[in-house]
Amino acid sequence: ICCGDYFDRGSENLRVLKYFDYLDRKVLLRGNHDDMLLKLLRTGQLEPHHYTNGMLTTVWEFFGKYSVDGFDCIDFSGHTRMVDRIIDFFHDTVNYFETEHYVFTHGWLPTTLSASGTIIDPDWRRASPERWRAAHFLRWTDMYPKCGRLPDRTLVCGHMPAFFAADLYPERRPDDSSILRKDGLIAIDAG
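The text that follows walks through the structure, step by step, so that each part is easy to find. (Residues numbered from 1 in each chain as written. Predicted model: local features only at pLDDT ≥ 70, side-chain atom pairs only at ≥ 80, totals over all residues. Heavy atoms only, no water.)

1. A few points about the nonpolar core
Grouped together as the largest cluster of nonpolar side chains are 24 residues, with contacts concentrated most on Leu37 and Phe63. Put simply, the parts of the chain that give this core at least two residues each are helix H1 (13-22), helix H2 (32-43), helix H4 (55-63) and helix H5 (80-91). Membership of the second largest hydrophobic core comes to 21 residues, among which are Trp108, Ala127, Met143 and Ala165. (Core = buried A, V, L, I, M, F, W, Y, C linked by side-chain atoms within 4.5 Å. Buried < 20%, exposed > 50% of the residue type's maximum accessible area, 1.4 Å probe, protein only. Helix = DSSP H or I, 4+ residues; strand = E, 2+ residues; numbered from the N terminus.)

2. A word on H2
Compared with an ideal rise of 1.5 Å per residue, which puts 12 residues at 16 Å, H2 spans 17 Å between its outermost C-alpha atoms and is within 8% of the ideal. In terms of residue burial, H2 counts as a mostly covered element, since nine of its 12 residues are buried. Along H2, the residues that are buried comprise Asn32, His33, Asp34, Asp35, Met36, Leu37, Leu38, Leu40 and Leu41. Among the structural elements, strand E1 (28-29), helix H3 (48-52), H4, H5 and helix H6 (129-137) are those in contact with the buried residues of H2. Of the residues trailing H2, Gly44 is marked for its positive phi of about 70°. (Expected span 1.5 Å × (residues − 1). Contact = heavy atoms within 4.5 Å.)

Structure follows, in structure tokens:
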């Protein structure tokens, strides 16, 4: 079970894609960087946040250094098989996966603002694709203190590195990237 953000900020994107191709049994959750890459494949337009998130390296690896012009547009001609392969990869991703004791997701679950504050949507399993895309960007560091936990399962998520737990829990060192385990939460992103 993988919690998303497969491509970005690295120089081994093709190896990651091949690795997941060879795995027979896998659950691939979609993350916010995956949503950003899909949007980029649809529009062909690099945006400022792509540069700060390392997407240019990903684009160069998948489509070549000369695929980006001076106007931040990507030329996919000659690379349609790679575009199709990446899109096919993302068609196999899901927003969450449940077991008897755990719910796995990337950032957080879809939430709602209620009279008592921010809560996890009671009907989060049936949330729209737009609400799930928004949930991919939600940070457990913000949401866990606000929403608390699911009543019957532990939430396992990525998205925010575990060293950010030091902002919430004084017993954690700021350089501690180990898995965070709290009541109803396991944060696994090692940064």
